[in-house]
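Listed here are the chains, written in short residue letters.
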2 protein chains.
Amino acid sequence: MDLVTIGDVHSAAKRIEGVAVRTPVLPCRWADGLWLKPESLQPIGAFKIRGAVNAVRALSDEQAAAGVVTHSSGNHGQALAYAANARGIPALVVVPDVAPKVKVDAIRELGAEVILVPGGERLSVTEKLAAEHGMTLIPPFDHPDVIAGQGTIGLEILADLPDVRTVLVPIGGGGLSAGSCVAIKETNSSVQVIGVEPELAADAAESLRVGHLVEWTDEQRYRTSADGVRTNICERTFAHLSKYLDGVVTVSEAQITSTVGVLARKANLVVEPSGALATAAFLHHRDQFRAGPTVAVITGGNIDPAALVRALS
Amino acid sequence: MDLVTIGDVHSAAKRIEGVAVRTPVLPCRWADGLWLKPESLQPIGAFKIRGAVNAVRALSDEQAAAGVVTHSSGNHGQALAYAANARGIPALVVVPDVAPKVKVDAIRELGAEVILVPGGERLSVTEKLAAEHGMTLIPPFDHPDVIAGQGTIGLEILADLPDVRTVLVPIGGGGLSAGSCVAIKETNSSVQVIGVEPELAADAAESLRVGHLVEWTDEQRYRTSADGVRTNICERTFAHLSKYLDGVVTVSEAQITSTVGVLARKANLVVEPSGALATAAFLHHRDQFRAGPTVAVITGGNIDPAALVRALS
């Protein structure tokens, strides 16, 4: 399989300029050696906008005119709607009919059409719509342009904190971690890149340990509160992680929840559970990676206010 | 009185580079035409670090060796402690003995010595300590270097959003608003700069209306929940605001509290009541300033978690 190259990531950085926010790298006086990359401040509240904008801007005018389609009730659905709207092209987002109304409304407000289907039919309906309307299917992570777009985070970290030694990055489907690995290791191979997963959805950790893709069941993965990383990685992202990643740290549910509270109280950031993973790894598992300046990527902030209130108590 | 010049603000921008964070200007998809400048992400959670770092770095080596002193139980106390620590010089912070322990601890953790005194003796004790130890007194806003440091926010807004039409900036003692006015109006006089105050602490609005400094009593000003702007402006900041400011908008306590909730839910930012003033003005008083791209400065995020929970309910 062809992997994403550092050139692809540099091209993505040019394409997303002016649409994705250049988030800062924030020093933490309350945690010596820790910096935060708060992607929760992106226009849709998550890093996903980088991959979606890169994929949409990479389309030819002819492809773009036919529009884009995806299956995601989460941040990628909003990201693709935002990216399509920014280019002025149609977007369809196929969403399971059990998705919360608030998420469906958010996608519609961004100008996309939402198609509600039974959960099991998501992928087949998406593929059918793409074929029927000649629309380009842009999946949440299993796509080179999406991976390259997410990788721009790695370039920005190296530019803003040149003496960084370790980067901690959550793993869901693996798009962010795969892209960040390429960006960082191909630019400075001495920087350590560590993936972070919940103990309850640690399919990437197991896959990398045994050397081939191991899928966890929905029942297993849906135990974690970190809803942004309940996805299995895929062959494409596994191939990137196998080549580049220096290791995976897993964190407990209690560590995730308490870190959501810490980030609100000490860093003034509203973070969703998945967004707290990397910081939780720094606060609770520093023995598992090299000492030195460390950046934790905060992937998103779209948390239910009631869950934030619980984390603050 | 000599006013701070645009040259002073440019010098400040060079001095604070690498210590203060270059905060981004964030577009808000939930409020058309609004961008946020989140100074709540600075290392001490507030913009005050800019003025303090500028003032400390402007000292000669001899002055610096003797250290700095101030009177503030709030964000400026922490900012000066941080700035002194960054330069490796001593700092004394004189704090009223009724200040919450959490604020005193925060200043001590930053390496400053805290002197607790009865509230009425704050200023006299500070001046006595400065004289006795040859320390430089760096007050929270009545100082050219502090004003010039806060003004760097204005330069960054103009650089990051060149088509900005209006900048909304809270007024407490007036250091931030004075510095921002100089930076913005002396660079592009067509950009409107509007101050924002709580209705319950609107001394600047009244002073500018009548054309001379009008002090509000402690009893009046302490009615507002926006504890960061309970201070009267001073002759120095009044002189800058008289020359440059385009107007003042006042907001109600209900508007402040609801905006703290909006910023947490929609912008993923934890903001203190004073920090929500400018955004509240945009959301509730748009008729009082010119249409077009508007930046609201979020001054800080140091809110009591219980108050944040109330704003989220």
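Calculation criteria
- All residue numbers refer to position in the chain's written sequence, counted from 1.
- Chain labels run from A onward and ligand labels from 1 onward, assigned in the order the entries are written.
- Local features in this predicted model are restricted to residues of pLDDT 70 or higher, and side-chain atom pairs are both shown and tallied only at a pLDDT of 80 or more, whereas totals for entire chains, interfaces and linings draw on every residue.
- Side-chain numbers here rest on the full set of heavy atoms in the structure, without hydrogens or water.
- A run of DSSP states H or I qualifies as a helix once it reaches four residues; a run of E qualifies as a strand once it reaches two. Both are numbered from the N-terminal end.
- Just to be clear, the radius of gyration here is over C-alpha atoms, and the globule rule we use is 2.2 Å times residues to the power 0.38.
- Buried means the residue's accessible area, taken with a 1.4 Å probe over protein chains only, is under 20% of the maximum for its type, while exposed means over 50%, and partly exposed covers the values in between.
- Two strands are counted as paired when DSSP detects at least two bridges linking them.
- We call two residues contacting when some pair of their heavy atoms lies within 4.5 Å.
- As a rule, the C-alpha atoms of each element are fitted with a line to give its axis, helices using only the stretch in contact, and angles between N-to-C directions run from 0 to 180 degrees.
- For Phe, Tyr and Trp, rings pair up if their centres lie within 6.5 Å, where Trp contributes its six-membered ring, and each pair is then called stacked (planes under 30 degrees apart), edge-to-face (over 60) or tilted (otherwise).
- Here a crossover is taken to be right-handed if, once the strands point away from the viewer, the path from the first strand over the helix to the second is traced clockwise.
- As a working definition, buried area equals the accessible area (1.4 Å probe) given up by two parts on being put together, with both sides summed.
- Salt-bridge detection follows one rule: a side-chain nitrogen of Lys or Arg within 4 Å of a carboxyl oxygen of Asp or Glu.
- Here the word oblique covers every angle except those under 35 degrees (roughly parallel), over 145 (roughly antiparallel) and from 65 to 115 (roughly perpendicular).
- Should the near helix be turned counterclockwise from the far one by less than a right angle, the crossing is left-handed, whereas a clockwise turn marks it as right-handed.
- The classification used treats Ala, Val, Leu, Ile, Met, Phe, Trp, Tyr, Cys and Pro as nonpolar, Asp, Glu, Lys and Arg as charged, and all other residues, Gly among them, as polar.
- The fit set for superposing copies consists of C-alpha atoms from residues with pLDDT of at least 70 in both; the fit itself is least squares.

S.K.: Account for the overall build of chain A, naming residues and giving values.
M.R.: Broken down by element type, chain A carries 14 helices and 10 strands. Computed over C-alpha atoms, the radius of gyration of chain A comes to 18 Å, within 12% of the 20 Å expected from 2.2 N^0.38 for 313 residues, which places it in the range of a compact globule. The principal-axis extents of the C-alpha atoms in chain A amount to approximately 55 × 45 × 40 Å. Of all 313 residues assigned to chain A, the portion counted as buried reaches 60%.

S.K.: A description of the sheet that holds strand 7 (residues 166-170) of chain A should follow, citing residues and the corresponding values.
M.R.: Residue and element names in this part refer to chain A. Overall, mixed pairing links the six strands, which are arranged 1-2-10-7-8-9 in an open sheet. Looking at which strands have only one partner, the edges of the open sheet turn out to be strand 1 (26-27) and strand 9 (247-251). In this sheet, strand 9 lies alongside strand 8 (residues 192-198) in parallel orientation, the contact comprising five bridges. Note on strand 9: the bridge partner recorded for P198 is V251. Sheet strands touched by helix 12 (residues 253-266): strand 2 (34-38), strand 8, strand 9 and strand 10 (294-298). Its angle to strand 9, the strand with the most contacts, is close to 85°. Relative to strand 7, helix 13 (residues 277-284) is tilted by about 130°, and along the sheet it contacts strand 2, strand 7, strand 8, strand 9 and strand 10.

S.K.: How would you summarise the packing of aromatic side chains if you had to cite specific residues and measurements?
M.R.: All names here are of chain A. Counted under the stated rule, the structure contains two aromatic pairs over all chains. With 6.5 Å between their ring centres and 35° between their planes, F282 and F289 make a pair best called tilted. The pair formed by F282 and F289 is uniform in burial state, with each residue classed as buried.

S.K.: Quick rundown of the sheet that holds strand 7 (residues 166-170) of chain B? Include the residues and the values.
M.R.: Strand pairing in a sheet is mediated by backbone hydrogen bonds. Such pairs are either parallel or antiparallel. Residue and element names in this part refer to chain B. Taken in spatial order, the six strands make up an open sheet running 1-2-10-7-8-9, and their pairing is mixed. Where the open sheet ends on each side, the last strands, each with one partner, are strand 1 (26-27) and strand 9 (247-251). In the packing of helix 12 (residues 253-266) onto the sheet, the strands contacted are strand 2 (34-38), strand 8 (192-198), strand 9 and strand 10 (294-298), and the crossing angle to strand 9 comes to about 85°.

S.K.: With reference to specific residues and values, describe the pairing of strand 8 of chain A.
M.R.: Residues and elements named next belong to chain A. Counted residue by residue, strand 8 has seven buried out of seven residues, so it is predominantly covered. Residues Q192, I194, V196 and P198 of strand 8 are buried on one face, and the alternating residues V193, G195 and E197, pointing to the opposite face, are buried as well. Here strand 7 runs beside strand 8; their pairing, made up of five bridges, is parallel. Paired with T166 across the two strands is Q192, which belongs to strand 8. A crossover connection joins strand 7 to the parallel strand 8 through helix 8 (residues 175-185); in handedness this β-α-β unit is right-handed.

S.K.: I'd like a description of unusual backbone geometry, backed by residues and values.
M.R.: Of all residues except glycine, most have a negative phi; of all peptide bonds, most are trans. Despite not being glycine, N268(A) shows a phi value in the positive range, around 60°. Secondary-structure assignment places N268(A) in the loop between helix 12 and helix 13.

S.K.: Please set out the interface of chain B and chain A residue by residue, giving values where relevant.
M.R.: Tallying the contact residues gives 27 residues for chain B and 27 residues for chain A. Between chain B and chain A, a total of about 2200 Å² is buried, with carbon and sulfur atoms accounting for 66% of that surface. Interface area lost by chain B to chain A is led by R29(B), L41(B) and N268(B), which between them contribute 33%. Applying the counting rule to chain B against chain A returns zero salt bridges.

S.K.: Pulling in residues and values, what's your account of the packing of helix 8 (residues 175-185) of chain B against helix 11 (residues 235-244) of chain B?
M.R.: Residues and elements named next belong to chain B. Packing of helix 8 against helix 11 brings their axes to within 9 Å, and their N-to-C directions diverge by 40°. Taken together, the axis directions place helix 8 and helix 11 in an arrangement best described as oblique. Helix 11 is crossed by helix 8, and the crossing has left-handed handedness. Contacts between helix 8 and helix 11 involve G175, S177, A178, C181, V182 and K185 on the former and, on the latter, T237, H240, L241 and Y244. Looking at side-chain class alone, the contact of helix 8 with helix 11 contains five nonpolar, four polar and one charged residues.

S.K.: Pulling in residues and values, what's your account of the pairing of strand 10 of chain A?
M.R.: Residues and elements named next belong to chain A. Of all five residues in strand 10, five are buried, a share of seventy percent or more. Residues T294, A296 and I298 line one face of strand 10 and the alternating positions V295 and V297 line the opposite face, and both faces are buried. As paired elements, strand 2 and strand 10 share five bridges and run parallel to each other. Its bridge partner lying in strand 10, P38 is registered against I298. As paired elements, strand 7 and strand 10 share three bridges and run parallel to each other. Along strand 10, the bridge assignment pairs T166 with T294.

S.K.: Mind laying out the relation of the copies chain B and chain A, listing which residues take part and the relevant values?
M.R.: Mapping chain B onto chain A calls for a screw motion: a turn of 180° about the axis and a shift of 0.0 Å along it, with 0.0 Å RMSD after fitting. Both chain copies can therefore be described as sitting about a two-fold axis. Here 100% of the interface residues in chain B have copies in chain A that are interface residues too; the copies meet face to matching face.

S.K.: Please set out the packing of helix 14 (residues 305-312) of chain A against helix 14 (residues 305-312) of chain B residue by residue, giving values where relevant.
M.R.: It is at 10 Å that the axes of helix 14 of chain A and helix 14 of chain B come closest, and there the two elements cross at 160°. Comparing the axis directions of helix 14 of chain A and helix 14 of chain B gives the class roughly antiparallel. Where helix 14 of chain A crosses over helix 14 of chain B, the handedness of that crossing is left-handed. Along its contact with helix 14 of chain A, which presents P305(A), L308(A), V309(A) and L312(A), the element helix 14 of chain B presents P305(B), L308(B), V309(B) and L312(B).

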